[in-house]
Amino acid sequence: MGNSLAFDDRSDMSTGARSSLSTAELSTILEVTRALAEPFDLTTMLTAVTNAARQVLHAERSSVWLFDAAASELVLKVSSDISDVRIPVGAGLVGTCARDRQVINVPDCYADPRFNAETDRRSGFRTRCALTLPLIDHQESLVGVMQVLNRSEGVFDAEDEALATALAAQCAVALQRVRMTEALIEGEKMRTELEMARIVQQSTLPSTMPTLPGYEVFGNSQPAELTGGDTFDLSMVDDQLLIVLGDATGHGIAPALSVTQMHAMLRMAFSLGADLETAYRQVNDQLANTLPDDRFITAFIGLLDPMSHRMRFISAGQGPILHYRAASGEFARYPPTSFPLGAMHLPARRAASTLDMLPGDMLLLLSDGIYEQHAQDGEMFGELRVERLAVDHHGRPLDDLSAQLLAAVKAFADGVPQEDDITLVLIKREGPR
């Protein structure tokens, strides 16, 4: 993530240059990210994005243009002073951005031949500088263009580009979700809503496992219903592996939306350069503001440095964390280190814990759906069976270990329905050759 921003409690606005992302700005962006994971209509969502863009980029105007693939045009959907504008792909800054799918940062619009002044003439607004960004969804498809005009002081710089790019990415995903929602509305309403929530939730999970030299990583999630309250993430943040396992109370649409919010906010916070402790506290406080009193999310959030082989983590009510130590053939268990996310506001930062991954070591992060699966006689699967399976299959690929574990849980249940969502994340350092 080469465009990540530094995070601090300060922001130098006296000269128009931003040296870091302030607490207030990060909070604003996370609030938008949280809101985009909730049900919304198109206009409300786009208005929230454009308002946030103006605020954090200190701009006078912002707008969103939606891509009409059938007409090969861009349609202005949200703007404060003009509407019903359509331009062909390739025309003007917006059309050029859509055609090339590249960020365009123009410090003097009237000196740029690509700039079309017709919109200024229609609205009476004078465009000085412009930052134009393509909106690309998870399938690498163009869904629109976001444009921000006239920075209050100076022109848009590289840090503004990084910040706007993060907002644009969230906007693109939300646009994709709105269109998916509209397409799924017909038919059985409840079934459609559940299926929509499942698709949205599954789209936040990693489609492929990241490559980390010297390590093998694997994740899998199986909801108990169409939608579940579990999520996981395995992705690279700069040169470190971000590891997330989340489990919201209950299962169904509400928990699915809760973990989707958490997932999106964590990714946004780390992409903007927040450290582990800051990301945890900010996301926690945002969720505490919005989740019902009886709702919270247990989560493991860790960053693994493959050079030092040290993992820093915060376990927000998630446990046990099983660390298989290959040298001794024994397990270390780590309890939760903090409160579940959204349970309460945190008055201060929580320091992260650490563990070292030695050659052959393996980390097992499992949700309650495995440990608490019942057999016919009421006995639970428990930790000991997990540990025995991990030892027996330690030398095999992690996807095979996962398959063996899930098969063992199913055989143990012996026909008892899956009562809770099942999610697992496995990390293994290569042993000596």
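Here the structure is a predicted model, which is why all the values come from computation and not from measurement.

Draft legend 1. Region of the structure containing the side chain of Asp230. As for its position among the elements, Asp230 is in strand β8 (residues 230-237). We note that Asp230 is buried and unpaired, the nearest opposite charge coming from Arg295 at a distance of 11 Å. Looking at Asp230, its side chain comes within polar contact range of the side chain of Ser367, at 2.9 Å. Of the polar contacts made by the side chain of Asp230, one reaches the side chain of Thr423; its length is 2.9 Å.

Draft legend 2. How the structure looks around the sheet that holds strand β14 (residues 353-356). Taken together, five strands build an open sheet; the order of strands is β8-β9-β10-β11-β14 and the sheet is antiparallel. Each edge of the open sheet carries a strand with a single partner, namely β8 and β14. Between one strand axis and the next, the sheet turns by 20° as a mean value, whatever way the strands run. With four bridges joining them, strand β11 (residues 310-316) and β14 adopt antiparallel strand pairing. Bridge pairing in β14 links Arg310 to Asp356.

Draft legend 3. Here's a closer look at the nonpolar core. Ranked by internal contacts, the top residues of the largest apolar core, which has 59 residues, are Met45, Leu135, Leu175, Met262, Phe270, Ile301 and Leu341. Counting residues per element, this core draws most heavily on helix α5 (residues 158-184), which supplies ten residues. Those residues in contact with Phe270 that sit more than four places away from it in its chain are Val237, Leu242, Asp275, Leu276, Ala279, Ile301 and Leu303. Leu322, Tyr371, Leu401 and Leu405 belong to the second largest nonpolar core, which has 23 residues in total.

Draft legend 4. Molecular detail of the packing of helix α10 (residues 382-392) against helix α11 (residues 398-413). Between α10 and α11, whose axes approach to 10 Å, the crossing angle comes to 145°. Along this stretch, α10 crosses α11, giving a crossing that reads as right-handed. Across from Arg385, Val386, Leu389 and Ala390 in α10, the residues of α11 making contact are Leu401, Gln404, Leu405, Ala408 and Phe412. Class assignment of the residues belonging to the contact of α10 with α11 gives a composition of seven nonpolar, one polar and one charged.

Draft legend 5. Fine view of the environment of Gln240. Locating Gln240 in the fold gives a position in strand β9 (residues 240-248). Looking at Gln240, the relative accessible area reads 28%, which means it is partly exposed. With 64 residues separating them along the chain, Gln240 and Leu304 place their C-alpha atoms 5.4 Å apart. Discounting residues that sit within four places of it in the chain, Gln240 has contacts with Ser235, Leu303, Leu304, Asp305 and Pro306.

Draft legend 6. Here's a closer look at the pairing of strand β16 (residues 422-429). Summarising burial for β16: eight of the eight residues are buried, a large majority. Side chains Ile422, Leu424, Leu426 and Lys428 project from β16 onto one buried face, and the interleaved Thr423, Val425, Ile427 and Arg429 project onto a second face that is buried too. In this structure, strand β15 (residues 362-366) lies alongside β16, joined through five bridges in antiparallel fashion. Bridge pairing in β16 links Leu364 to Leu426.

Draft legend 7. Focus on the side chain of Asp112. Looking at the element boundaries, Asp112 is found in the loop between β4 (104-106) and α4 (118-123). Its relative accessible area of 14% is what places Asp112 among the buried residues. With residues near it in sequence (within four places) discarded, Asp112 still touches Leu93 and Val106.

Draft legend 8. Highlighting helix α2 (residues 42-57). Compared with the 22 Å implied by 1.5 Å per residue over 16 residues, the 22 Å span of α2 between its first and last C-alpha is a close match. Of all the residues in α2, the buried ones are Leu42, Met45, Leu46, Val49, Thr50, Ala52, Ala53, Val56 and Leu57. Along the axis of α2, the buried residues cluster in a sector spanning 160°; they form a single face. One or two positions beyond α2, positive phi appears at His58, with a value near 55°.

Draft legend 9. Expanded view of the packing of aromatic side chains. For the coordinates displayed, the defined rule picks out five aromatic pairs. Ring centres of Phe381 and Phe412 lie 5.4 Å apart, and the angle between their planes is 80°; this geometry places the pair in the edge-to-face category. Here Phe381 is found in the loop between α9 (368-371) and α10, whereas its partner Phe412 is found in helix α11, with 31 residues between them in sequence. We note that Phe381, like Phe412, is buried. Aromatic ring contacts, followed pair by pair, group Phe300, Phe313 and Tyr334 into a single cluster. For the cation-ring pair, Arg126 lies above Tyr110, with the distance from its terminal atom to the ring centre recorded as 3.7 Å.

Draft legend 10. Inspection of the state of the cysteines at higher detail. Across all of its chains, the model carries zero disulfides by this definition. Between Cys109, a cysteine without a disulfide, and Cys129, which holds the nearest cysteine sulfur, the sulfur-to-sulfur distance is 6.7 Å.

Draft legend 11. Looking closely at the sheet that holds strand β7 (residues 215-222). An order of β7-β16-β15-β12-β13 is seen for the five strands of this open sheet, with the pairing classed as antiparallel. For this open sheet the edge positions go to β7 and β13 (330-334), each flanked by a neighbour on one side alone. Across this sheet, the average inter-strand angle for adjacent strands is 15°, counted without regard to direction. The pairing of strand β12 (residues 321-325) with β13 spans five bridges and is classified as antiparallel. Considered in β13, the bridge of Tyr324 is made with Phe331. Contacts from α11 reach β7, β15 and β16, with the element oriented near 145° to β16.

About the cut-offs
Residues numbered from 1 in each chain as written. Predicted model: local features only at pLDDT ≥ 70, side-chain atom pairs only at ≥ 80, totals over all residues. Heavy atoms only, no water. Helix = DSSP H or I, 4+ residues; strand = E, 2+ residues; numbered from the N terminus. Buried < 20%, exposed > 50% of the residue type's maximum accessible area, 1.4 Å probe, protein only. Lys, Arg positive; Asp, Glu negative; His and termini not counted. Salt bridge = Lys/Arg side-chain N within 4 Å of Asp/Glu carboxyl O. Polar contact = N/O pair within 3.5 Å; in protein donor to acceptor, adjacent residues only side chain to side chain. Pairing = 2+ DSSP bridges. Axes fitted to C-alpha atoms, helices over the stretch in contact; angles between N-to-C directions. Core = buried A, V, L, I, M, F, W, Y, C linked by side-chain atoms within 4.5 Å. Contact = heavy atoms within 4.5 Å. Left-handed = near helix turned anticlockwise from the far one by under 90°. Nonpolar A, V, L, I, M, F, W, Y, C, P; charged D, E, K, R; others polar. Expected span 1.5 Å × (residues − 1). Arc of directions from axis to C-beta. Phe/Tyr/Trp six-rings, centres within 6.5 Å; stacked < 30°, edge-to-face > 60°. Lys NZ or Arg CZ within 6 Å of the ring centre and 35° of its normal. Disulfide = S-S within 2.5 Å.

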